[in-house]
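One letter stands for each residue in the lines below.
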Amino acid sequence: MSKKKIKEYIYKLAEPREEFGNMPTCPYAHVHLDEGKMEIKEWDPKKSTIIDELKRFSKSKYRSTAWYVKDTSSLFKTGSPEETEAWTEEINEKVLNDYELGIIMVTFNPNDKSSVDGFAPRSMSPYFTVGAVYLEDLNEAHDKLEETTYFDKLTGDYKDQLV
């Protein structure tokens, strides 16, 4: 059931939105999902660390992840967007600098109200979710999006998270 909710969320992000230049909020996640390049699973932080999971992912056949966390109490005190963003930044720094895995995380927090013209896609996530993707894939996708109207309406924190 939980995996199904994550898949539904990913396909919801694949729908074109005016706020994103009439493009999907996340134009590439559903492609990875459809091509079998995305791992969707529950991650229990009480059983393994995020670094262990990212190392395992780096040796897998997948190019991206959607790891959902049902109980975040062992990770966060409050689960606020500020707290989860700080955690994500800290882990990304370790992964990129210390472990050199070439992977970057993007997290989706149901408590995150960051929006574009009132549309808050991260708040629609059914669980706190860790999206991991290879930096080379993300950079390639970003370069393609820069040639479109995707970023035109993005401002403030939301734009900072994506640009």
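Residues numbered from 1 in each chain as written. Predicted model: local features only at pLDDT ≥ 70, side-chain atom pairs only at ≥ 80, totals over all residues. Heavy atoms only, no water.

A. Representation of the overall build of the chain within the structure. Regarding its fold elements, the chain presents six helices and six strands. Start at the N end of the chain and walk to the C end: the helices and strands fall as α-β-β-α-β-α-β-α-β-β-α-α. Here the C-alpha atoms of the chain give a radius of gyration of 15 Å, agreeing with the 15 Å that 2.2 N^0.38 yields for 163 residues. By its C-alpha atoms, the chain is 40 × 35 × 30 Å across when sized along the principal axes. For the chain, with 163 residues in total, the buried portion stands at 43%. In the chain, 66% of the contacts between residues at least 6 apart in sequence involve partners at least 24 apart. Looking at the chain as shown, the accessible area adds up to about 8900 Å², and 47% of this sits on carbon and sulfur atoms. One way to put it: in the chain the 23 positive side-chain charges average out to a point 8 Å from where the 31 negative ones average out. (Helix = DSSP H or I, 4+ residues; strand = E, 2+ residues; numbered from the N terminus. Rg over C-alpha atoms; globule rule 2.2 N^0.38 Å. Buried < 20%, exposed > 50% of the residue type's maximum accessible area, 1.4 Å probe, protein only. Contact = heavy atoms within 4.5 Å. Areas by Shrake-Rupley, 256 points an atom, 1.4 Å probe, with all protein chains shown as cover. Lys, Arg positive; Asp, Glu negative; His and termini not counted. Charge placed at Lys NZ, Arg CZ, Asp CG, Glu CD.)

B. Spatial organisation of the environment of Phe128. Along the polypeptide, Phe128 turns up in strand S6 (residues 128–134). Judged by its relative accessible area of 4%, Phe128 is buried. Through-space distance from the C-alpha of Phe128 to that of Ser73 is 11 Å; in sequence the pair is 55 residues apart. Beyond its immediate sequence surroundings of up to four residues, Phe128 is in contact with Trp67, Tyr68, Val69, Thr72, Leu75, Phe76, Thr84, Trp87, Thr107, Phe108, Asn109 and Pro110.

C. Spatial organisation of unusual backbone geometry. Of note in this structure, Asn22 is not a glycine but carries a positive phi near 60°. Within the secondary structure, Asn22 sits in the loop between strand S1 (16–17) and strand S2 (23–24). The phi dihedral of Glu100 is positive, around 50°, even though this residue is not glycine. Along the polypeptide, Glu100 turns up in the loop between helix H4 (81–99) and strand S5 (103–108).

D. Examining the pairing of strand S4 (residues 64–69) more closely. Of all six residues making up S4, six are buried, and the element is well covered by its neighbours. Examined bridge by bridge, strand S3 (residues 38–42) and S4 share five bridges and lie parallel to one another. Its bridge partner being in S4, Lys41 is matched across the sheet by Trp67. As a crossover connection, the stretch from S3 through helix H3 (residues 50–58) into S4 is right-handed. (Pairing = 2+ DSSP bridges. Right-handed = clockwise from strand over helix to strand, strands pointing away.)

E. Expanded view of the nonpolar core. Counting residues in each nonpolar core, the largest one holds 17 residues, and the members touching the most others are Ile50, Leu54, Trp87, Ile91, Met105 and Val130. In this structure Trp87 touches Trp43, Ile50, Leu75, Phe76, Met105, Thr107, Phe128 and Val130, once residues within four positions along its chain are discounted. Counting nine residues, the second-largest nonpolar core is a separate cluster that includes Ile6, Met38, Ile40 and Tyr68. (Core = buried A, V, L, I, M, F, W, Y, C linked by side-chain atoms within 4.5 Å.)

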